[in-house]
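As a plain string of letters, each chain reads:
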Amino acid sequence: MNTSPADNGEFGQRQSPPPAPIVPKTASEALRPEAGTPPPKRSRASRGQFVVFMNFVITSIMLVVLAAGVALYFGKQEFNEPGPSATGDTFPVKPNSGVQDIADQLERRGLISDARIFRLGVRAYGNDSALKAGEYEIKPRASMHDIMELLKSGKSVMYSLTIPEGLTVEQALQRIADQGGLAGDMPASVPPEGSLATDTLRFTRGATRQQMVDKLLADQKKLVDDVWQRRAPDLPLANVEDFVILASIVEKETGKGDERSRVAAVFLNRLAKGMRLQSDPTIIYGLFGGKGKPADRPIYQSDIKKPTPYNTYLINGLPPTPIANPGRASLEAVANPSKTNDLYFVADGTGGHVFAATLAEHNENVARYRALQKKQAEDAAKGDDAKVDGQTDAPVEGGDADGDAGAAQ
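The rules behind the values
- Residues numbered from 1 in each chain as written.
- Predicted model: local features only at pLDDT ≥ 70, side-chain atom pairs only at ≥ 80, totals over all residues.
- Heavy atoms only, no water.
- Buried < 20%, exposed > 50% of the residue type's maximum accessible area, 1.4 Å probe, protein only.
- Helix = DSSP H or I, 4+ residues; strand = E, 2+ residues; numbered from the N terminus.
- Arc of directions from axis to C-beta.
- Contact = heavy atoms within 4.5 Å.
- Phe/Tyr/Trp six-rings, centres within 6.5 Å; stacked < 30°, edge-to-face > 60°.
- Lys NZ or Arg CZ within 6 Å of the ring centre and 35° of its normal.
- Axes fitted to C-alpha atoms, helices over the stretch in contact; angles between N-to-C directions.
- Left-handed = near helix turned anticlockwise from the far one by under 90°.
- Lys, Arg positive; Asp, Glu negative; His and termini not counted.
- Salt bridge = Lys/Arg side-chain N within 4 Å of Asp/Glu carboxyl O.
- UniProt positions renumbered as here; feature names shortened; annotations may be inferred.
- Nonpolar A, V, L, I, M, F, W, Y, C, P; charged D, E, K, R; others polar.
- Pairing = 2+ DSSP bridges.
- Patch = residues over 30% accessible without salt bridge, like charges linked within 9 Å, V, L, I, M, F, W, Y side chains within 5 Å.
- Areas by Shrake-Rupley, 256 points an atom, 1.4 Å probe, with all protein chains shown as cover.
- Core = buried A, V, L, I, M, F, W, Y, C linked by side-chain atoms within 4.5 Å.

**Student:** Explanation requested: helix 5 (residues 144-153) in the structure shown.
**Tutor:** Because each turn of an α-helix spans 3.6 residues, side chains separated by three or four positions in sequence point in the same direction. For helix 5, the set of buried residues is Met-144, Ile-147, Met-148 and Leu-151. For helix 5, the angular spread of buried residues about the axis comes to 100°, placing them on one side.

**Student:** Help me out: how do you make sense of helix 6 (residues 169-178) in this one?
**Tutor:** Those residues of helix 6 that fall on the buried side of the exposure criterion are Val-169, Ala-172, Leu-173 and Ile-176. Projection of helix 6 onto a plane perpendicular to its axis shows the buried side chains occupying an angular sector of 100°, all on one side. Where the residues of helix 6 are buried, they touch strand 3 (158-162) and helix 7 (209-229).

**Student:** Help me understand the packing of aromatic side chains in this model?
**Tutor:** Counted according to the given criterion, the structure contains seven aromatic pairs. Judged by centre distance (5.9 Å) and plane angle (25°), the ring pair of Tyr-159 and Phe-203 falls under stacked. Residue Tyr-159 is located in strand 3, and its partner Phe-203 is located in strand 4 (residues 200-204); the two are separated by 44 residues in the primary sequence. We classify Phe-203 as buried; its relative accessible area is 3%. Aromatic side chains Phe-345 and Phe-355 sit 5.7 Å apart centroid to centroid with 45° between the ring planes, which places their arrangement in the tilted category. Pair noted here: Phe-345 is in strand 5 (residues 344-347) and Phe-355 is in strand 6 (residues 353-356), with a separation of 10 residues, a long-range link. Taken as a pair, Phe-345 and Phe-355 share a single burial class, namely buried. Above the plane of the ring of Trp-228 lies Arg-231, whose end atom (NZ or CZ) is 3.7 Å from the centre.

**Student:** Help me understand the packing of helix 8 (residues 240-253) against helix 12 (residues 328-335), please; the structure alone is not making it clear to me.
**Tutor:** What describes two packed helices is the angle between their axes and the distance between those same axes. Running from amino to carboxyl end, helix 8 crosses helix 12 at an angle of 120°, the nearest separation of the two axes being 8 Å. At the point where helix 8 passes helix 12, the crossing takes the right-handed sense. Contacts between helix 8 and helix 12 involve Phe-243, Leu-246, Ala-247, Val-250 and Glu-251 on the former and, on the latter, Ser-330, Leu-331, Val-334 and Ala-335.

**Student:** Help me understand the side chain of Arg-119, please; the structure alone is not making it clear to me.
**Tutor:** The topology assignment puts Arg-119 in helix 4 (residues 115-124). In this structure, Arg-119 is buried with no salt-bridge partner, the nearest side chain bearing the opposite charge being Asp-104 at 4.6 Å. Setting aside anything within four residues of it in sequence, one finds Arg-119 in contact with Val-99, Gln-100 and Ala-103.

**Student:** What is the right way to look at the UniProt feature "site: Important for catalytic activity" (unreviewed entry) in the protein chain in this model?
**Tutor:** Mapped onto this structure's residue numbering, the UniProt feature "site: Important for catalytic activity" (unreviewed entry) falls at Glu-253. As for its position among the elements, Glu-253 is in helix 8.

**Student:** Would you explain unusual backbone geometry in this entry?
**Tutor:** Generally, phi is negative for residues other than glycine and the peptide bonds are trans, each holding for most cases. Not every positive phi belongs to a glycine, and Arg-141 is a case in point at roughly 60°. For Arg-141, the position within the fold is in the loop between strand 2 (134-138) and helix 5. The partly exposed category is assigned to Arg-141, whose relative accessible area is 44%. Its identity as a non-glycine residue notwithstanding, Gln-278 has a phi of 50°, on the positive side. Within the fold, Gln-278 resides in the loop between helix 9 (260-273) and helix 10 (280-288).

**Student:** For this particular structure, what's the right way to read the packing of helix 3 (residues 99-108) against helix 4?
**Tutor:** Here helix 3 crosses helix 4 at 140°, and the two axes come no closer than 8 Å. Helix-helix and strand crossings are classified by hand; for helix 3 and helix 4 the assignment is right-handed. Facing helix 3, whose interface residues are Val-99, Gln-100, Ile-102, Ala-103, Asp-104, Leu-106 and Glu-107, helix 4 presents Ala-115, Phe-118, Arg-119 and Val-122. Considering only residue class, the contact of helix 3 with helix 4 consists of seven nonpolar, one polar and three charged.

**Student:** Sorry, what's going on with the pairing of strand 6 here?
**Tutor:** Moving residue by residue along a regular strand, the side chains alternate between the two faces of the sheet. When strand 5 meets strand 6, the two strands line up antiparallel, connected through four bridges. Residue pairing in the sheet places Val-346 in a bridge with Val-354 of strand 6. Linking strand 5 back to strand 6 in an antiparallel pair, the connection comprises five residues, with Gly-349 at a positive phi of about 90°.

**Student:** I keep staring at a nonpolar patch on the surface and nothing clicks. Help me out?
**Tutor:** Where nonpolar side chains cluster on the molecular surface, the patch consists of Phe-53, Met-54, Ile-58 and Met-62 and spans about 410 Å² of accessible area. Its location among the elements puts Phe-53 in helix 2 (residues 44-80).

**Student:** It is not clear to me how the nonpolar core should be interpreted in this structure. Could you clarify?
**Tutor:** Most often, soluble globular proteins keep nonpolar side chains buried together rather than apart. Counting residues in each nonpolar core, the largest one holds 31 residues, and the members touching the most others are Leu-237, Phe-243, Leu-246, Phe-267, Leu-318, Leu-331 and Val-334. At seven residues, helix 8 tops the list of elements feeding residues into this core. Judged by nonpolar contacts, the second largest core, of 21 residues, contains Leu-111, Leu-131, Met-144 and Met-148.

See below:
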């Protein structure tokens, strides 16, 4: 007889399935890891949103790269193309100026078209800290690249200060004071006469007047010491100070290079013989000092007899100080003069001088010179009916008092 589930008290309960049969495995199969539970599959909607997002990101990156490339291309083109200034200009860069400040000033001055491009270009070339202070000459149509290279080079505008031979210290200092490219005040004290070099100094804007004076003083001292060390052994000069004094007189007596050593020889010969120098420039310095004689003021006969410490028509030997700043040529002429017996010289009417060893020869030279002056004056006065009478203190003709080193002894 069959037994039903109800009979066993199991009515309404589902019976468990029979256990799966046990399949025997090999040893390698038993050691092989079983696959994990696979992740749930994404829906079509979620996969679509991710693709759209990634497409947006990639597209944005490509657009940014493209825009950057375009900006770089046109920026580099503008950085290298000719600038907007048709005339150029000088442009100062102050110490410790940054690239942004320099760029802004360049744009305001109309020397570049865009300060941002200049700033970025300088940084792209790695020159942020390479631009140097100074004053620069920007050429017409200079590109931003050209301006960057110029400011990087440090090649500032150079100014010149020229101190010609024969200026007094006072006249030289006035030139330094008037030089607009220099900064600062003049020295509080005036250097000694004859102590400044006669030279042309090159400098950049911002150099000080004190620096110029210091440079001229140092250069002159070195020059004087060097030439003095190479002097002839038999000079009738007591020391280097006398050497500079006589060189300053030679400097004022002639501007012809081929005469300097012979003029120096005349004065040295006279010193050796105890004769007075009788030099006209010493009269002028005694009367007018470092300011110099006005151009329209002649030397009068009465000036020769005016006693001053510098009037070598009246004093023996050398004056107490130089009468100007002597240049190298005059220093060299005194240090190594011509070998001659000349004791006199007088102007020849052509800018030079004629020399003589004796008073008789000299007086003949003076007579010829005065005859030439008289003829020139007569030629100039032809057709001029104006007469000036009653002049008792006539100027020395040609500014020459019987010829330099030449009044009758």
